[in-house]
Protein chains: 2
Amino acid sequence: MQSSPDYAGRLDRVRQAMAGRGVDLALFSVGADLPYLIGYDAMNLPRLTMLVVPRDGDATLVIPNLEVARVVERPGVFGIRGWAETEDPIDIVAGLSGSPSSVAVGDQTWARNVVDLLGRLPGARWSRATELVGPLRARKDPAEVEALRTAAQAADRVAAQLHAGEIPLVGHTEAEVSAELSRRLLAEGHTHVNFAIVAAGPHAASPHHEAGATVIRPGEVVLCDFGGSFPMADGEPGYCSDITRCVYTGEPPGEFAELYAVLWEAQSAAVAAGTVGTPAEEVDGAARRVITAAGFGDRFIHRTGHGIGIFEHEDPYIVAGNGVPLEGGNAFSIEPGIYLPGRFGARLEDIVVATDDGPDPLNVVEHGLVVVEA
Amino acid sequence: MQSSPDYAGRLDRVRQAMAGRGVDLALFSVGADLPYLIGYDAMNLPRLTMLVVPRDGDATLVIPNLEVARVVERPGVFGIRGWAETEDPIDIVAGLSGSPSSVAVGDQTWARNVVDLLGRLPGARWSRATELVGPLRARKDPAEVEALRTAAQAADRVAAQLHAGEIPLVGHTEAEVSAELSRRLLAEGHTHVNFAIVAAGPHAASPHHEAGATVIRPGEVVLCDFGGSFPMADGEPGYCSDITRCVYTGEPPGEFAELYAVLWEAQSAAVAAGTVGTPAEEVDGAARRVITAAGFGDRFIHRTGHGIGIFEHEDPYIVAGNGVPLEGGNAFSIEPGIYLPGRFGARLEDIVVATDDGPDPLNVVEHGLVVVEA
């Protein structure tokens, strides 16, 4: 049994960041901050769960009574204040907050709670708590990297099944294939499916296409982008997978094969650029230069990637304008795409970790355009 | 093919509610408001999607360029403003907002966006947009009721498989059973699994227990609470299922059977109380009186239920203190529970619709405590 993450140390580093930024109070609710800081993943429901962290006081988890038994208690790290169905949790949070002049709130906290707290903490300056915890979450420790690798390997197994023709495509709807990918992500050990994009033919030109009732036909690309959350030990947060592979139902036309070759070269270049010390925007540039040189620059309509960890999209973002150099332990997607509206599109995605020895790609399943029988 | 929901009418009613409450501007982002108002379900990711609704101006959906192709355009209902990866979407929203003195924001909007908008819309009074749209969403029209019924029937089929012993329990972990329930929810037509609580033995005393590595043994209760989102037509929002059933791995001891009999009587009483015109808290009271009379009042530690629709938990809440009378088309869970910490617990849940002809229970699968072979 591996040891638990050092939650006390993580909260200490948040408090150091609060001191550095003059933040008196940090509030964390749903999303990846809580699992990272105290090992508890709050349910994304209207009942408020909120970790109240005064810079110089004890941290308290305000949580519905009926969910108190879900929490692994960590004495010395945080206390627990359960609330009954007829109590107002905003009152409780306000009572624990004192009179802060500067409050930082976690990214995914529901707006309803922010709105209610605005009136209860008057005069406070509000900021994003991700400025405090984002840089910490972005530097994965070795156990986190191994958790991401385990998740990536499970996603790779599903991709290998797709490549091997084990997932029926032609004659089935995108939605059916999406459900089958979801079932296989669970069968390979994920506890939750985060998304399973299946985009056939012209739909592959829509990067975040919602799988629908369209039936997959012979002679078209099928873009599959899927991922989920893979558990660590009981009571520890899970880590995410995220992979994109394209298959073609029959022999692809030369035009598509050429486009895919450009994409693969661009993706490889960006993976190779993912080294410690390289600004994130340079990694984006490495992919974009290849695609632009091939004449598709205006058809690569999104950034090259996003950080990944307990949540699918987090720091660091691999995007123009982000000049922050990569650090060891940064984990991120490299997923350039080329999209020709009305015709077709393609994307190729791996998760990569920046290490002192260079980029460590976690997804190693076949990168080529695999032809599946029509 | 059924016709689309009347999105224009829904936005008109939001504007009427804005006028009634003196709200100049409503902002809707992730969560169930957008699917309800315009048929588009935004991805729950950091890139901002936001519907900007001035009370007296045109509605505009601000959305990442790479997701524009996901949107079914509805001319006359809302316009689209895509944003590129290097633009600041907050700038765009602020530019569309004018100088409102009163802003309402959707419940699940990420706090990071509220924080950024606080500085861009200075002096505005902020409120919860759920005060505008919650009462609308709570009154389901006939097509929505049928969508909920279809979802409930799919969940019932999974519960029937559980009852029939088709899902292996003894010797398997809670997490494995949770994954199996999830796979079956997808196989029965759901597109997403929202949760699959599996709580064995003493864990059944934790209402929102997270399924873990505990192996299920002979002679204990297994509480299963699961649900997902079931699709309507392509491009229309899905509706949720949510059901709880308990099974026992072998013959239950008399003490547990008696507890379950109390629970079943309480649940039946609350279902029967779910009539148009009855205050929500009276429905809660109907269940609570039965459980209290049997001596378990302090072991029923949560409200009786929650509204359900595009999202799992929404208005109306069936809870003490909510004196609002039920209206026709209100859809909600009835799910009392009795929890004895360290020993066991039980919960029984159906989705019910209040109609002019009385309560319409959508879940009709066996309500008794089913014994599965150990």
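Residues numbered from 1 in each chain as written. Chains lettered and ligands numbered in written order. Predicted model: local features only at pLDDT ≥ 70, side-chain atom pairs only at ≥ 80, totals over all residues. Heavy atoms only, no water.

### Structural notes on the overall build of chain A
No. 1: Helix and strand counts for chain A stand at 9 helices and 18 strands.
No. 2: Rg of the C-alpha trace for chain A: 22 Å, near the compact-globule value of 21 Å for 374 residues, within the 12% margin.
No. 3: Projecting the C-alpha coordinates of chain A onto the three principal axes gives extents of approximately 65 × 40 × 40 Å.
No. 4: Counting only residues that meet the buried cut, chain A has 63% of its 374 residues in that class.
No. 5: Intrachain contacts of chain A at a sequence separation of at least 6 include 67% that bridge at least 24 residues.
No. 6: Entry remark: accessible area of chain A is about 13,000 Å², with carbon and sulfur atoms responsible for 50%. (Helix = DSSP H or I, 4+ residues; strand = E, 2+ residues; numbered from the N terminus. Rg over C-alpha atoms; globule rule 2.2 N^0.38 Å. Buried < 20%, exposed > 50% of the residue type's maximum accessible area, 1.4 Å probe, protein only. Contact = heavy atoms within 4.5 Å. Areas by Shrake-Rupley, 256 points an atom, 1.4 Å probe, with all protein chains shown as cover.)

### Some thoughts on the nonpolar core
In summary, soluble globular proteins display a tendency toward joint burial of nonpolar side chains.
No. 1: Formed by 89 residues in total, the largest nonpolar core has its most connected members in Phe28, Ile38 and Leu51 of chain A together with Phe28, Ile38 and Leu51 of chain B.
No. 2: Those residues in contact with Leu51 of chain B that lie beyond four places of it in its chain are Leu11, Ala26, Leu27, Phe28, Leu34, Ile38, Ala59, Thr60, Leu61 and Phe78 of chain B.
No. 3: Counting residues in each nonpolar core, the second largest holds 38 residues, with Leu48, Ile92 and Ala111 of chain A together with Trp126 of chain B among its members. (Core = buried A, V, L, I, M, F, W, Y, C linked by side-chain atoms within 4.5 Å.)

### Concerning the packing of helix H1 (residues 7–21) of chain A against helix H5 (residues 130–138) of chain A
Residue and element names in this part refer to chain A.
No. 1: Where H1 meets H5, the axes come as close as 9 Å, and the angle between the chain directions of the two elements is 135 degrees. Here H1 is positioned oblique relative to H5, judged by the angle of their axes. The handedness of the crossing between H1 and H5 comes out as right-handed. Here Arg10, Arg13, Val14, Ala17, Met18 and Arg21 of H1 come into contact with H5, specifically with Glu131, Leu132, Val133 and Leu136. (Axes fitted to C-alpha atoms, helices over the stretch in contact; angles between N-to-C directions. Parallel < 35°, antiparallel > 145°, perpendicular 65-115°, else oblique. Left-handed = near helix turned anticlockwise from the far one by under 90°.)

### Comments concerning the layout of surface pockets
No. 1: Counted as a void, the second largest pocket has a volume near 1,000 Å³.
No. 2: Forming the walls of the second largest pocket are 44 residues, and the residues nearest its centre are Arg128, Arg303, Asp315 and Tyr317 of chain A together with Arg112 of chain B.
No. 3: When residues of the lining of the second largest pocket are traced back to their parent elements, those giving at least two are H5 and strand S12 (314–318) of chain A together with helix H3 (89–97) and helix H4 (111–120) of chain B.
No. 4: Per-element tally for the lining of the second largest pocket: the top contributor is H5 of chain A, with 6 residues.
No. 5: Within the lining of the second largest pocket, the residues separate by chemical class into 19 nonpolar, 10 polar and 15 charged. (1 Å grid on protein atoms, 1.4 Å probe; cavity = no way out; pocket = protein on both sides within 12 Å on 5 of 7 lines; lining within 4 Å. Points joined across faces, edges and corners; volume = space filled by probe spheres on them. Nonpolar A, V, L, I, M, F, W, Y, C, P; charged D, E, K, R; others polar.)

### Overview of the pattern of salt bridges
No. 1: Tallied over the full model, the rule gives 55 salt bridges over all chains.
No. 2: The salt bridge involving Asp141 of chain A is made with Arg10 of chain A; its shortest N-O contact spans 3.6 Å. Within this pair, whereas Asp141 of chain A is found in the loop between H5 and helix H6 (142–163), its partner Arg10 of chain A is found in helix H1, the two being separated by 131 residues in sequence.
No. 3: Residue classification places Arg10 of chain A among the buried positions, given a relative accessible area of 3%.
No. 4: Among the salt bridges present, the one from Arg21 of chain B reaches Glu131 of chain B, with a minimum N-O distance of 3.4 Å. (Salt bridge = Lys/Arg side-chain N within 4 Å of Asp/Glu carboxyl O.)

### A short note on the sheet that holds strand S6 (residues 125–128) of chain A
As a general point, the strands of a sheet are linked pairwise by backbone hydrogen bonds and lie either parallel or antiparallel.
No. 1: An order of S4-S3-S2-S1-S5-S6 (chain A) is seen for the 6 strands of this open sheet, with the pairing classed as mixed. Edge strands, defined here as strands with exactly one partner in the open sheet, are strand S4 (79–83) and S6 of chain A. Neighbour-to-neighbour, the strand axes of the sheet open up by a mean angle of 20 degrees, direction not taken into account.
No. 2: Sheet analysis places strand S3 (residues 60–64) of chain A next to S4 of chain A, joined by 5 bridges and oriented parallel. In the strand pairing of S4 of chain A, Val62 of chain A is matched with Arg81 of chain A.
No. 3: The sheet strands contacting H4 of chain B are strand S5 (102–105) and S6 of chain A, and the helix crosses S6 of chain A at an angle near 135 degrees. (Pairing = 2+ DSSP bridges.)

### What about the domain arrangement of chain A?
All names here are of chain A.
No. 1: Domains assigned within chain A are domain 1 (7–136) and domain 2 (139–372).
No. 2: Distance between the C-alpha centres of domain 1 and domain 2: 33 Å.
No. 3: Between domain 1 and domain 2, the contact holds 13 residues from the first and 9 residues from the second.
No. 4: Both faces considered, domain 1 and domain 2 share a buried interface measuring about 860 Å² in area, 45% of it formed by carbon and sulfur atoms.
No. 5: At the boundary of domain 1 and domain 2, one finds 2 salt bridges.
No. 6: Between Arg10 and Glu144 there is a salt bridge, with its nearest N and O atoms 3.8 Å apart.
No. 7: For the pair domain 1 and domain 2, the number of links is 1 residue pair in polar contact (both at pLDDT 80 or more).
No. 8: Among the secondary structure elements, those contributing two or more residues to the side of domain 1 that touches domain 2 are H1, helix H2 (33–38) and H5.
No. 9: Considering each element in turn, the side of domain 1 that touches domain 2 owes the most residues, 4 residues, to H5.
No. 10: Residues belonging to the side of domain 1 that touches domain 2 are distributed by class as follows: 7 nonpolar, 4 polar and 2 charged. (Domains from an automatic or database assignment. Buried area = accessible area lost by both parts, 1.4 Å probe. Polar contact = N/O pair within 3.5 Å; in protein donor to acceptor, adjacent residues only side chain to side chain.)

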